[in-house]
Amino acid sequence: MKRIYFDHSATTPVDRRVVEAMMAALTDKFGNSSSVHSFGREAKELLEKAREDIANVMNAGGDEIVFTSGGTEADNLALFGYVYKHRDKGRHIIVSNVEHPAVGKTAEELERLGFSVTYAPADEYGMVRLDTIKDLLKDETLLVSVMHVNNEVGTINNIGAIGRLLRERGVVFHTDAVQSFGKIPIDVEEMCIDLLSLSGHKIYGPKGIGALYVRKGIELQKRAFGGHHEHGFRAGTENIPGIAGLGKAAEICAMELEKEAAHLTRLRDKLHSLIASNVDDIILNGHTMHRLPGNLNLTFNGVEGEALLMALDLKGIGVSSGSACSSGSTQPSQALLNIGLTPQQAQSSLRITLGRDNTLEEIEYAAELIIENVNKFRAMSWN
Ligand SMILES: *Cc1c(COP(=O)(O)O)cnc(C)c1O
């Protein structure tokens, strides 16, 4: 059976060019990057090139990149690392209420540890407004964390406006850019970003590798003790194959960003219009304009999202629904509820996220199956 992958916000396939770069690091260039001899120097070269390639995507310096095990660890390091280092100056932080659990659950843990956390509400489009942040700032606010692009509805926040406000107020700004890095333009200078998280497996790189951009001069509390790796923020021999893969993935994204964004926008809009012209009573979740290319999140009123997902899976199409399976029962996604969907609407939602290798043919085939199944499920529930 022909299979179609439409879940690129969950993870992406690894690009062939990335596999090649990783292969070199796994075979010929196997040295320990801390070693002085030529074996070590070759590994070190891969490490430093990857830093530069990643930094270039966001107008940062290579020495501002700290490698981590992924987006989750980068988010944890940003929040824990910053507030623990500076806890004498204040104990209040602000995070949006539509963050990925890697930020949301970290904030909850900080709350348990005695910090005060304000959850800034996003609007009905999943957008965190500048005024909302402005109103919530306090004298003792240490850090604000607002994601660049939401992983469910694809809404793109005006990170530059928030960053400039916080710079003015002397508050450190972290953004989870796992969904945006390499896909839409980022400039840490222009956007006044101090800490930024990214992940390999969301940009056609390997899993288990990511990075935190740490603006020069920002101090973090160390969380792993040992060697002097990664400015001492994260001790341990570097994952050079993963890092080389992430570097290559970033380089490809930078090269193909515009072309790819246009391709994905065209396919996404085509899919949306095919579905919308054949199925009634649907809602587009997220923002109509400020939206990640390739993200389509729809509520099909009266249809169980999970059932639709499984019907499509039987046909080889991989999508995601608006509910998360936790300990055996399906719960509506908290982020969807927080932007105003009812639990029923959230559970009637489908997230379709397109990627680099998807084709118009796949879009047309999938649209047909989605339309057919939605109409079938609705006809059944009317009996
Ligand atoms: C996937 C994701 C993460 C987690 O990244 P991992 O590398 O899987 O740990 C964090 N934030 C967002 C927005 C994500 O989409």
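Note that the coordinates shown come from a computational prediction; the quantities given were computed from them, not determined experimentally.

Undergrad: What is the right way to look at the overall build of the chain in this model?
TA: Summing up its helical and strand segments, the chain has eleven helices and 15 strands in all. A compact globule built from 383 residues would reach a C-alpha radius of gyration of about 21 Å, and the chain, at 21 Å, matches this within 12%. Long-range contacts, defined as pairs at least 24 residues apart, comprise 72% of the intrachain contacts of the chain with a sequence gap of at least 6. Per element, the accessible surface of the chain, about 16,800 Å² overall, is 51% carbon and sulfur. Computed over 40 positive and 50 negative side-chain charges, the separation of the two mean positions in the chain equals 2 Å.

Undergrad: Quick question: what am I supposed to make of the site of the ligand here?
TA: Close contacts around the ligand come from 13 residues, with Thr72, Asp176, Gln179, Ser199 and Lys202 the closest. Separating an oxygen atom of the ligand from a side-chain N or O atom of threonine 72 is a distance of 2.6 Å. Within the contact set of the ligand, an oxygen atom lies 2.8 Å away from a side-chain nitrogen or oxygen of histidine 201. Bound to the protein, the ligand loses 88% of the 380 Å² it would expose on its own.

Undergrad: For this particular structure, what's the right way to read the pairing of strand β5 (residues 141–145)?
TA: Remember that side chains alternate between the two faces of the sheet whenever the strand is regular. Most of β5 is tucked away: five of the five residues are buried. Strand direction decides the pairing type here: strand β3 (residues 92–96) and β5, joined by four bridges, are parallel. Residue pairing for β5: histidine 92 is matched across the bridge by threonine 141. As paired elements, β5 and strand β6 (residues 172–176) share three bridges and run parallel to each other. By the bridge assignment for β6, leucine 143 is matched with valine 172.

Undergrad: Any chance you could explain a negative patch on the surface here in plain terms?
TA: Together, Glu361, Glu364, Glu368 and Glu372 give the surface a local cluster of negative charge. Relative to the helices and strands, glutamate 361 is located in helix α11 (residues 360–381).

Cut-offs used in this document
Residues numbered from 1 in each chain as written. Predicted model: local features only at pLDDT ≥ 70, side-chain atom pairs only at ≥ 80, totals over all residues. Heavy atoms only, no water. Helix = DSSP H or I, 4+ residues; strand = E, 2+ residues; numbered from the N terminus. Rg over C-alpha atoms; globule rule 2.2 N^0.38 Å. Contact = heavy atoms within 4.5 Å. Areas by Shrake-Rupley, 256 points an atom, 1.4 Å probe, with all protein chains shown as cover. Lys, Arg positive; Asp, Glu negative; His and termini not counted. Charge placed at Lys NZ, Arg CZ, Asp CG, Glu CD. Near = heavy atom within 4 Å. Polar contact = N/O pair within 3.5 Å; in protein donor to acceptor, adjacent residues only side chain to side chain. Buried < 20%, exposed > 50% of the residue type's maximum accessible area, 1.4 Å probe, protein only. Pairing = 2+ DSSP bridges. Patch = residues over 30% accessible without salt bridge, like charges linked within 9 Å, V, L, I, M, F, W, Y side chains within 5 Å. Salt bridge = Lys/Arg side-chain N within 4 Å of Asp/Glu carboxyl O.

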